[in-house]
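Descriptive structure summary
Here are the chains, one letter per residue:
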Protein chains: 2
Amino acid sequence: MQAQKDAVQLLKNAGLRVTPQREAILQFLLDYDGHATVDDIYTSLQDRFPSMSVSTVYNTVKQLSQVGLVKEIGVGEGASRFDINVEPHHHLVCTRCGALFDFYLEEPIRLSVPPEAEGFEVEDYHVEVRGVCPRCKKQQVS
Amino acid sequence: MQAQKDAVQLLKNAGLRVTPQREAILQFLLDYDGHATVDDIYTSLQDRFPSMSVSTVYNTVKQLSQVGLVKEIGVGEGASRFDINVEPHHHLVCTRCGALFDFYLEEPIRLSVPPEAEGFEVEDYHVEVRGVCPRCKKQQVS
DNA sequence: ACCTAGATGAGAACGATTCTAAAGTACGAC
DNA sequence: GTCGTACTTTAGAATCGTTCTCATCTAGGT
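Residues numbered from 1 in each chain as written. Chains lettered and ligands numbered in written order. Predicted model: local features only at pLDDT ≥ 70, side-chain atom pairs only at ≥ 80, totals over all residues. Heavy atoms only, no water.

**Focus on the protein's contact with DNA strand D**
For clarity, the threshold we go by: What makes a residue near a molecule or strand is one non-hydrogen atom of that residue sitting within 4 Å of it. Any pair of nitrogen or oxygen atoms within 3.5 Å is treated as a polar contact; in protein, a donor-acceptor pairing is required on top of that, and neighbouring residues in sequence qualify only through side-chain atoms on both sides. In this description a helix means any DSSP run of H or I spanning at least four residues, a strand means any run of E spanning at least two, and both kinds are numbered starting from the N terminus.
In the vicinity of DNA strand D lie 16 residues, with Ser-55 and Tyr-58 of chain A together with Thr-19, Ser-51 and Thr-56 of chain B positioned nearest. Of what DNA strand D places within 4 Å of the protein, 76% of the atoms are sugar or phosphate. At a separation of 2.8 Å, a phosphate oxygen of DNA strand D approaches a polar backbone atom of Val-18 of chain A. Thr-56 of chain B places a polar side-chain atom, nitrogen or oxygen, 2.8 Å from a phosphate oxygen of DNA strand D. Every element with two or more residues in the surface near DNA strand D is listed here: helix H4 (54–66) of chain A together with helix H2 (20–31) and helix H4 (54–66) of chain B.

**Things to note about the packing of aromatic side chains**
Convention followed: Centres within 6.5 Å make a pair out of two Phe, Tyr or Trp rings, where for Trp the six-membered ring is used; the pair is then stacked when the planes are under 30 degrees apart, edge-to-face when over 60, and tilted otherwise. Burial classes: relative accessible area under 20% of the type maximum marks a residue as buried, over 50% as exposed, and values in between as partly exposed (1.4 Å probe, protein chains only).
A complete count under the given rule lists 4 aromatic pairs over all chains for this structure. Summarising the aromatic geometry, the rings of Phe-101 of chain A and Phe-120 of chain B are spaced 6.2 Å apart at their centres and angled 75° between planes, so their arrangement reads as edge-to-face. One end of the pair, Phe-101 of chain A, is in strand E5 (residues 100–105); the other, Phe-120 of chain B, is in the loop between strand E6 (111–112) and strand E7 (121–132), on a second chain. Both residues of the pair, Phe-101 of chain A and Phe-120 of chain B, count as buried.

**Digging into the pattern of salt bridges**
If the charged atoms of two oppositely charged side chains come close together, the side chains can form a pair. Test applied: A pair is scored as a salt bridge if a Lys or Arg side-chain nitrogen falls within 4 Å of a carboxyl oxygen belonging to Asp or Glu.
Under the criterion given, the structure shown has 12 salt bridges over all chains. Arg-130 of chain B is the partner of Glu-128 of chain B in a salt bridge, and the nearest nitrogen-oxygen pair spans 3.6 Å. Overlapping salt bridges bring together Glu-106 and Glu-107 of chain A together with Arg-110 of chain B as one network.

**Considerations on the protein's contact with DNA strand C**
Inspection of the region around DNA strand C gives 16 residues, with Thr-19, Arg-22 and Ser-51 of chain A together with Ser-55 and Tyr-58 of chain B positioned closest. Across the atoms of DNA strand C situated within 4 Å of the protein, the share located in sugar and phosphate is 76%. Here a base nitrogen of DNA strand C and a side-chain polar atom of Arg-17 of chain A are 3.2 Å apart. At 2.7 Å from a base nitrogen of DNA strand C is found a side-chain nitrogen or oxygen belonging to Ser-55 of chain B.

Laid out in structure tokens, this is it:
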């Protein structure tokens, strides 16, 4: 019950109401090893919450990301993914199978802002590296 | 007629059939100052091609990007944008108004690939910097 | 126990994109 | 120049991810 307590506590600390659905969704993300989509969450919780609506999942992950408990990552094609790792980090995306890996930059980027964007106030940035993951490289019919 | 010749020539060189629609779409992108969406292209060419279908625009931009004549950029929310600038470059996105600016890195990124992704073959990468553009900063009710 | 702001659920609605199938056309071969 | 065929276009349906609506429900303070 330790892990379950954590989800409840995190919600409370964030000032969010604790509902069974939220608790389950946050707990799912805490336990999930990877980057879950809304559909991953929704289908995985079907057993426990047969009547939960997709809207609830969308609402919840949106709120969780607003309070900084999860991070939304929208890379490549298809659905957004949600990451319990909220430290600034970046992603490798496999262009063959869509697999996603975290990575960190050895040093922050240095950018030269063009004249038209003079005064642009940087909030954060994200690097999306595209390529072929090791597994797909093996299966390659090169 | 110089510009028009260019589009035709580019298509031929790329090994694509030259149709009036393709020529117009490529020409539109060559002339367009910025990052056009499919809808920008579609609505702008309504006058000249009243019966052109959105599918044609999608098909065409997909082919143009396959042969490297344009680059698809999918940043932030909403529709993909298409860029005639195919040099490697990156983007500033305004989180308020969605405005998009090109920028270049002063030096390439250095990344440390995590163990799970050992052997990942990098094809290319794209940096998306989020923040507030100068125009929105002025209008801010801070 | 009660009230009420906020959360949930079902399904409709939406925007971007892809698919389908039928009709049309570019362009190489003759 | 004409012909044939593989490729294109078109219109609209279909799909996918996401948001919206609104009636019902509930968490949590009083």
